[in-house]
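Chain by chain, the residues run as shown.
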Amino acid sequence: MNIESLVRPNIRSMAPYSSARSEFSGKASVFLDANESPYDTGFNRYPDPLQKKLKVEIANIKHLHPEQIFLGNGSDEAIDLLFRIFCVPGHDNVIAPDPTYGMYQVCAEINDIEYRKIQLEEDFALNASKILESTDSDTKIIFLCSPNNPTGNSFDTDEMKRILNVFQGIVVIDEAYIDFSSQESWINMLSIYPNLVVLQTFSKAWGQASIRLGMAFASPEVIHYFNNVKYPYNVNVLTQNHALEVLQNKENVKGQILTILDERLRLSKNLASLSYVMTVYPSDSNFLLLRVKDADSVYRYLKEQGIIVRNRNTVSLCNGCLRITVGTTAENEMLLWALNNFRKD
C-alpha cells in the first residue's frame, strides 16, 4: 500500500516548522538559538520536540522502534492529526461504528469531514460487511475502538482483520482500554498492515489522566507525517519527565490492573443481583455498562448521593443504560450500598 498517496496533497508538499531544538543534535554548553531566558529556573529551556528519551523507554516496553511512536496531548491530539493529515475538508469522509468514542465525530465536524455512523449489532458486535459497504473512494479513515466505549466489549478479531485486508485507507484501532482485555494488542500487527494506526494512552491503566499523554503507533512513514503536522513542542517537559518516572513503576501498575479486574468481576455479580438491573454487559475495559429499568432516576439518585456515573440513556443501542467505572474497593462498596438502597418513587 502506498501510504503517501493517502496523504493530503498540501500535507505531502509542506515544509514542516523547524524548531531550534530539532535542528540541533549532540552536546553543547551554551544555547543561544531559541530566544529563551538564560537564567536557569529548571524550566527555561524548550522541551525535546520529539520526546526521544521517552520514546526509547516506551519502545522497549512495547517492543517497537522509537520511529513507530508518536506522543501527543492525549489521544485526542493524534485523532485530530489523523484528520488533518489524511482528510480533505469538505470532500472526504470517515467511518466509525455507533455507538463509540465521541471525539471521532467531534474532530470530524471541526475539520469539516463527513462522519458516517454504522450501527453495531444488537449485541454490540462489529459487522465488517456493513462497514466496508459504507465506504467509497472518498473514505479515508475507519475508526475502531476496541475495547469499545461505551459498550466495553472487544470486537471480533476476524471482523477487524477483514476490514484491514480490504480497506485501502487508514484503519485506526483505539486501544485506550487494552490493558484490561484478554485480547492481544494490535501493535503486534503493525509490520503486516502499513495502513494500521494503534492508539493507546497513559490515562487509563497507567493512572495518569491529568498529564494528558497519548500514544499513536504506526509505520515510520505515518509517524513522519504526524511529526510534520504537530505543533513543535506539543508535550511539555513536566509531562515527559513524569511519564519517564511512571514507566519505572510497571509492576505496581500491573498489580493495580489485576485489582481492577477482580473488582470488575465482583461489581458485575453484585449489580446483576439488583432487581431493577436488567443486564450487566460483559466488559473488557475498566468500566461496566448496565441496563436498568429507569436510568434517569437511578442516575439522579446516585448524583444526590455524591456518586457520579455516566448516563448513556440517549446513546444509540444504549437506551436505559448507565456506564460505571470500576473504582477502588471502598468506592465500589459505597456504590453498591447506594444502589441497594435505591427505591423508585
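All figures in this text were calculated on a predicted structure; none of them were measured in a lab.

Student: Give a description of the packing of aromatic side chains that names residues and reports values.
Tutor: Taken as a whole, this structure holds 10 aromatic pairs when the rule is applied. Ring geometry for Tyr 46 and Tyr 233: centres 4.5 Å apart, planes at 10 degrees, overall stacked. Taken together, the residues Tyr 46 in the loop between helix 1 (9–13) and helix 2 (52–62) and Tyr 233 in the loop between helix 7 (220–229) and helix 8 (237–247) connect sequence positions 187 residues apart. Owing to a relative accessible area of 40%, Tyr 46 belongs among the partly exposed residues under this scheme. Owing to a relative accessible area of 24%, Tyr 233 belongs among the partly exposed residues under this scheme. Aromatic side chains Phe 70 and Phe 226 sit 4.9 Å apart centroid to centroid with 25 degrees between the ring planes, which places their arrangement in the stacked category. Here Phe 70, found in strand 1 (residues 69–72), pairs with Phe 226, found in helix 7; they are 156 residues apart in sequence, far enough to count as distant.

Student: Tell me what's going on with empty space enclosed by the protein, and back it up with residues and numbers.
Tutor: Tallying each qualifying case throughout the model produces one cavity of 30 Å³ or more. Empty space within the largest cavity amounts to approximately 40 Å³. With three residues, the single largest contributor to the lining of the largest cavity is helix 2. In terms of residue class, the lining of the largest cavity is made up of six nonpolar, no polar and one charged.

Student: Can you tell me about the environment of Glu 245, naming the residues and giving the values?
Tutor: Assignment of secondary structure puts Glu 245 in helix 8. When the C-alpha atoms of Glu 245 and Leu 54 are compared, they prove to be 9.9 Å apart, with 191 residues separating the residues in sequence.

Here is what the cut-offs are and how they apply
Residues numbered from 1 in each chain as written. Predicted model: local features only at pLDDT ≥ 70, side-chain atom pairs only at ≥ 80, totals over all residues. Heavy atoms only, no water. Phe/Tyr/Trp six-rings, centres within 6.5 Å; stacked < 30°, edge-to-face > 60°. Helix = DSSP H or I, 4+ residues; strand = E, 2+ residues; numbered from the N terminus. Buried < 20%, exposed > 50% of the residue type's maximum accessible area, 1.4 Å probe, protein only. 1 Å grid on protein atoms, 1.4 Å probe; cavity = no way out; pocket = protein on both sides within 12 Å on 5 of 7 lines; lining within 4 Å. Points joined across faces, edges and corners; volume = space filled by probe spheres on them. Nonpolar A, V, L, I, M, F, W, Y, C, P; charged D, E, K, R; others polar.

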